[in-house]
Amino acid sequence: MHRSSQQNTLYRLFGWPLLALFLAITPSLACDGLPPTETLHEPSAESSQEPAPNEPSTESKTESSQDSAPIEPSQESTTEISQEPAPSEPSTAETTTEPAPPDQEPAPTESPQESTQDATAEPIAEPDPTDAQEPLPETNTETQPDGLPETQSDGLPETQPDGLPALQVKAISLRTPLLENSAQSGLLERSADGKTWHRILWLPAGSFSFTFQLDKQTAPVGILQQSTWPLQGFLQTATAPIQTNTPQQGRYRITVDTTNASFRIEALPAITAARLVGTWNAQSNQQIALALDAQTGLFQADISIKAGNATFSLELQQQGAWRRYSLTHTPYNAFPQGGTLEENTSPSLSLIPQDDTYRFSIDPKDLRFALHYTPDDPTLRYQALLQDLSTLSDPAQKNARILPFFRRLTALRQIPIVKGRDVVFLLWWSMQAPASVAGTFNQWQAGQHTLQRIAGTDFYHLKLTMTQDSQYAYKFVDSAATPQWITDPVNRRFEYGPFGSNSLFNTDATTDTSTLEQHNEFSATKLQNKRKLIVYLPPNYRSAKTRYPVLYMHDGQNLFDDQAIWGGWGVKSWADQMIKAGQLKPFIVVGVENTIGRMDEYTHTTDKISGTSTGGKANDYADFLLKDIKPYIDGLYRTHPDHRHTAVMGSSLGGLISLWLGVHYPRTFFRIGALSSTFGWGKIAANNPTLGEIFQNKGFQNLVVYIDSGSPQDNYQVTLQMRDTMRQLGYLDDLNLLHYVEQNAIHNEKAWRDRLHRPLSFLLSWP
C-alpha cells in the first residue's frame, strides 16, 4: 500500500479516521480527452482555465490520493539481511555497476550503446503492414495451446543411453544466438506435472545452433540421436552446442521429456489460408477470405462495416483442415483492437464506432491479430472534408461530417496532421472568443496564429509550416477576457510542464525521442469507473517499424510526473537512460492511474482496517486490464501481445496485485515486478487467505518474478516468506526469481524510484 511519510505520520498520530479523510482527495484531469470506446464528446463551453506558459500559475496541483492500510508491524529479527545464508541474494553493498540516477549520465563503467530500430525483444524479422523487414517475435505457447497438429513422427525417444537417469530439474532453457543465449528468454514452459517442457519459436531457414541449460548449469547439454528432421536427442553434457540447419523458416515446437531425458524439435504445419467469419452489417454467417500479403507476410482484408456490434472469429487452415480462433480474452468493445489468438469456438465482439472501411490482419508467425481503420493519407481526408463542408449550409450536416473525421484521425493518432514541416492543427471545441494556437514555434504568443472557424460549427483549423525540424510543444488559447489555455483534446502526445501539460508534435524528419501519450477518462466496464492511462513510447518508436514488449504499471499518476503529490518514480528518465546505455531492450510502458477505490481494486480478498472490512475486487480489476485496456493497447500500438513479452509491476498493494495477476493469468503476464508488496493482506486483521497461501495451493506457474522490500520494515518479513514459498515451488534465484533487500529503505515513491533500475534490468534486459 502506497504510503508516503505524510501518510505514516498521520497514521501514527491520529489513526485511520484522519488518514481516511486525507486520502479522499481525488485527481483532477488535465483535459477532456476522448475515451477510445465512447462517442466523441460534443463541443462544449467548458475548457480548463489555465495561465499562459509565460505567466505564473496560481492553481495548486492535485493528484489522486493513495489508499492506505497498515504496513506490517515492525518485527524484531535476530538475522540481519547482510547475514542471510542464501548465496544468490544480491549484496546491498554492491555499487560498482550501479546505474546512475535518472538525472545523471550512466556510470563510466557502462558502455553506452545507441539504440536502433531493431533493438527489440526478438531477434528475427517480424513483418508489419508498413515494413516487411520488421523482426519476428517468438511464438507464445501458453496462449496457443496444442491446437496446431504436430508433424507425423514416432514421438520422443522411448529409450535412453545406458545409465542415464530421469532428470530432476527445476528449469530448462534453450540457449541459442537467436535469443542472445539468454537463459531467461530461452526458458521453456513447464507442464503442471513437471515432466515435460515446451516452447514454440519462429526460426529462420538455415544455420541453427543450440543447446539446453538445466537449472543454472553452464556446460552445453544436448546430444543428437537423429540428425534429420524432426531432430531428436538426449540431454547429456556435451563439449559444444549442436549445429544444424532448419529446412525452412516457420514455427517449430521444442519439447523436452525429463522422464527419459530426451528432446525433440519439429516443424509445425504452415498456415496456408485464413478467413474471417461472423456477423456484421446485420448479416450473420458471413465469410471473408484474408489475402496473404507477400511483402508483409500478413493475412489481411479491408472490409466496409457499418457502426454497431460485430462478432467474428478467425479460421486458419493447416494441412487442409480449418481451425477456429479468437482473442484470448474477449474484449469489451475495444477499438482499435488487438491481441493473441488461441483456438476457441467463442467469437470475439467489437463495437464498430462508425460506418467505414476496417482492416483485419493476422500474423501467422505468432497468431497476432489486429482490427483498426484502414490507414490512408490524413492530408487528403482533411482536404476532402474542407471541400465537403464548403458545399453545406446546415450546421447539423456539417457536424455530422466532422464527427467521423475526428474519430478516425484520433483512433489512428494522426492529429495534428504532420507532413514534412507542414502541420495542420485541428480543434473541435466550443470557444467563447476567437481561438489561436501558441507554442514553442512562436514563443507562446497567444493570438499570433488565429485558427479558422467553419461557420455554424465549433470546428477550427489552421495550417502552418515550421521553420526547422524539431519537437514542438503547443496549446490552444481561447482569447476571452481571461485567456483559457487548453491542451489538444485529441492529441495523445504530451509533456509535463511548469504550467501543466503541453501537447506535442514532431516534424516528419525529426529524430525521435521517447514520448508520453495520455488517454483520459478511460472506462472500466465492470468496475464502472474511469481513469487516465499514460503510455511511454521508447526512442525511435515513431520512425521505427518494429514491435515492443509492454510493461503495465499500477498507480500511473506517480510514474512519470516528478511533481506528483506522493513523488514520482522517474520511469521515463530511467527507461531513457538504460535503453541508451544498452542495459534494457526498448519497451512500452502503460501506466494505469488508480482511483479512490484503489484498496479494493488491488486486493484479492477482504481484510479489516480499523475494524472496517475492505478490499476484494482484484477479479474486477483484472477484468479491466484484460478486456478493456490490453486489447486496446495491442490494437493501437505496435506491441508484442503474447505473454512472454507482457510484464506487470507495482509497489505495495500494486505489488500484491501484480503477483496475483501473474499467479492467476500466467498466459497473459509472464514478467512480474512486485516492490515492497503487501503480501500479508488477508491476515492484517482478518483470517482470509494471503497470496502466499494461494500461490502454494496453485503451485508453480511459468513466470519470471522480481520481489523486493526495505529492511527492517517495509513489508520485509512477508516478502521473505514469499521468497521462501517461491523457492519451495521450484523457482531459481537469478533465473526466474530475484529477491532484493534495500537496507533502511522506507515505504514511499522515492525509495521505489531509487531502486527501479533493478526490476527493470531483471525483467526487461533480455529478449
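Refer to the structure above for everything that follows.
Peer 1: How do you make sense of the overall build of the protein chain when you look at a structure like this?
Peer 2: Along the protein chain, the regular secondary structure elements total 12 helices and 37 strands. Split into buried and exposed, the 767 residues of the protein chain put 60% on the buried side. Of the contacts formed within the protein chain by residues at least 6 apart in sequence, a portion of 73% connects residues at least 24 apart. Accessible surface computed for the protein chain: about 29,400 Å², of which carbon and sulfur atoms make up 48%.

Peer 1: Would you mind showing me how to read helix α3 (residues 378-390) here?
Peer 2: Residues spaced three or four apart along an α-helix face the same direction, because each turn holds 3.6 residues. Compared with an ideal rise of 1.5 Å per residue, which puts 13 residues at 18 Å, α3 spans 18 Å between its outermost C-alpha atoms and is within 8% of the ideal. Within the span of α3, buried status applies to Pro378, Thr379, Tyr382, Leu385 and Leu389. Axial view of α3: buried residues confined to an arc of 120°, hence all on one face. Every exposed residue of α3 that faces more than 90 degrees away from the buried side is listed here: Leu380, Gln387 and Ser390. Residues of α3 that are buried in the fold lie against α4 (395-411), β19 (417-419), β20 (422-428) and β23 (459-465).

Peer 1: What is the right way to read the sheet that holds strand β22 (residues 452-453) from this model?
Peer 2: In sheet architecture, strand pairing relies on hydrogen bonds along the backbone and comes in two forms, parallel and antiparallel. Read from one edge to the other, the open sheet built from four strands follows the order β19-β20-β23-β22, with strand pairing classed as antiparallel. Sheet topology places β19 and β22 at the edges, where each strand pairs with a single neighbour. Here α3 sits on the sheet and contacts β19, β20 and β23; the angle it forms with β23, its principal contact strand, is near 130°. Contacts from α4 reach β19, β20 and β23, with the element oriented near 125° to β20.

Peer 1: Even after reading the chapter, I still don't get the pairing of β23, so can you show me in this structure?
Peer 2: In summary, the side chains of a regular strand alternate between the two faces of the sheet. In terms of residue burial, β23 counts as a mostly covered element, since five of its seven residues are buried. With seven bridges joining them, β20 and β23 adopt antiparallel strand pairing. Looking at β23, one finds that valine 423 is bridged to leucine 464. Pairing of β22 with β23, which is carried by two bridges, proceeds in the antiparallel orientation.

Peer 1: Just to check I follow, could you spell out unusual backbone geometry for this structure?
Peer 2: Most of the time, phi is negative for any residue but glycine, and the peptide bond is trans. Geometrically, the link from phenylalanine 335 to proline 336 is a cis peptide bond, its omega value of -10° lying close to zero. As for its position among the elements, proline 336 is in the loop between β14 (321-327) and β15 (337-343). Cis geometry marks the peptide bond from serine 711 to proline 712, where omega comes out at 15°. Of note, proline 712 is situated in the loop between β36 (704-711) and α10 (716-729). Backbone geometry places asparagine 540, a non-glycine residue, at a positive phi of 70°. Within the fold, asparagine 540 resides in the loop between β29 (529-537) and β30 (550-554). Residue class for asparagine 540 comes out buried when judged on its relative accessible area of 15%.

Rules and cut-offs
- Residues numbered from 1 in each chain as written.
- Predicted model: local features only at pLDDT ≥ 70, side-chain atom pairs only at ≥ 80, totals over all residues.
- Heavy atoms only, no water.
- Helix = DSSP H or I, 4+ residues; strand = E, 2+ residues; numbered from the N terminus.
- Buried < 20%, exposed > 50% of the residue type's maximum accessible area, 1.4 Å probe, protein only.
- Contact = heavy atoms within 4.5 Å.
- Areas by Shrake-Rupley, 256 points an atom, 1.4 Å probe, with all protein chains shown as cover.
- Expected span 1.5 Å × (residues − 1).
- Arc of directions from axis to C-beta.
- Pairing = 2+ DSSP bridges.
- Axes fitted to C-alpha atoms, helices over the stretch in contact; angles between N-to-C directions.

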